[in-house]
Amino acid sequence: SFDGQDDYVDISTSSSLDNISTELTVSAWINPSNLSNGVHPRIVDRAEGSGGVNDRWYLTWSPTGTVDFGVGFAGSGNECLGNSTVALNNWTNISVIFNSGQVSIFINGILDASATISTTSLSHIQNCNLKIGSAPISSFFPGKIDNVRLWNTALTQQEIQSYMTTSPTGNEA
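Being a predicted model, the structure only gives us computed values, none of them experimental.

Rules used in this analysis
Residues numbered from 1 in each chain as written. Predicted model: local features only at pLDDT ≥ 70, side-chain atom pairs only at ≥ 80, totals over all residues. Heavy atoms only, no water. Pairing = 2+ DSSP bridges. Helix = DSSP H or I, 4+ residues; strand = E, 2+ residues; numbered from the N terminus. Core = buried A, V, L, I, M, F, W, Y, C linked by side-chain atoms within 4.5 Å. Buried < 20%, exposed > 50% of the residue type's maximum accessible area, 1.4 Å probe, protein only. Contact = heavy atoms within 4.5 Å. Phe/Tyr/Trp six-rings, centres within 6.5 Å; stacked < 30°, edge-to-face > 60°. Lys NZ or Arg CZ within 6 Å of the ring centre and 35° of its normal.

**Q** So what exactly am I meant to see when it comes to the sheet that holds strand 8 (residues 92-99) here?
**A** Two modes of strand pairing occur in sheets, parallel and antiparallel, and in both the strands are linked by backbone hydrogen bonds. Pairing in this open sheet of six strands is antiparallel, and the strands run 1-12-3-8-9-10 from one edge to the other. The open sheet has two free edges, formed respectively by strand 1 (2-3) and strand 10 (110-116), since each of these has just one partner strand. Examined bridge by bridge, strand 8 and strand 9 (residues 102-107) share six bridges and lie antiparallel to one another. Following the sheet pairing, I97 is matched in strand 9 by S104.

**Q** Would you mind going over the nonpolar core with me for this structure?
**A** As a rule of thumb, nonpolar side chains are buried together in soluble globular proteins. I30, I43, W57 and V67 are the most contacted members of the largest nonpolar core, which has 32 residues in total. Contributions of two or more residues to this core are made by strand 3 (23-32), strand 4 (42-47), strand 5 (56-61), strand 6 (67-73), strand 8, strand 9 and strand 11 (130-132). Counting residues per element, this core draws most heavily on strand 3, which supplies four residues. Apart from the residues lying within four places of it in its own chain, the contact partners of I43 are A28, I30, L59, T60, W61, I94, K131, I132, G133, F141 and I145. Residues I97, A154, L155 and I160 belong to the second largest nonpolar core, which totals seven residues.

**Q** Before we go on, may I ask you to explain the pairing of strand 10 in this structure?
**A** Successive side chains on a regular strand alternate, one facing one side of the sheet and the next facing the other. As judged from the six bridges shared by strand 9 and strand 10, these two strands associate in the antiparallel manner. In the sheet register, V103 faces strand 10, and the bridge partner there is A115. As consecutive antiparallel partners, strand 9 and strand 10 are separated by two residues, and within that stretch N108 has a phi angle of approximately 50°, a positive value.

**Q** What exactly am I supposed to notice about the packing of aromatic side chains here?
**A** Two aromatic rings are characterised by how far apart their centres lie and by the angle between their planes. Taken as a whole and judged by the stated rule, the model has five aromatic pairs. Aromatic pair W57 and F69: ring centres 6.2 Å apart, planes at 35°, arrangement tilted. A residue pair is termed long-range when its members are at least 10 positions apart, and W57 in strand 5 and F69 in strand 6 qualify at 12 residues. Of the two residues examined, W57 and F69, each falls in the buried class. Put simply, the rings of W57, F69 and F98 touch in pairs and so form one group of aromatic residues. The ring centre of Y58 lies 4.3 Å from the NZ or CZ of R42, which sits over that ring.

**Q** How should the side chain of T119 be read in this particular structure?
**A** Secondary-structure assignment places T119 in the loop between strand 10 and strand 11. By relative accessible area, T119 is classed as buried at 3%.

Below, the structure is given as structure tokens:
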């Protein structure tokens, strides 16, 4: 549960996070409580520093209620912007697949948006923590986030839909 002001989960950097390169899938259940005025609250964020001038990737909930995914290099970035508005005070499964610059956003297992971005690898983002519910010092999420899952592979739509109702076995590749 996140109050939108100062709550977050901080996961220490690791070789597993640093080895994420050309494929990534992020999935979470979110239950936002209010729209943020002009702020892009982070669902998941991995950045080498604060502000928009650092190497980073992020899954964010926009002020309009869509889910967006972005990758940045010091001072510039690429984004895939969602199309559908996520309802307030309602649990919604969101997933994003990054596959060598191909980005797809899924809402409740259904493709919502896709884009080709110029960034084809996330390997430039190293030695930094992963945050759930905020960016390094801002962009705090208002509401609840549950069952955050990261894979260093691009899941299929069928796998995303399956993991919405079943847990990983722990023996996945």
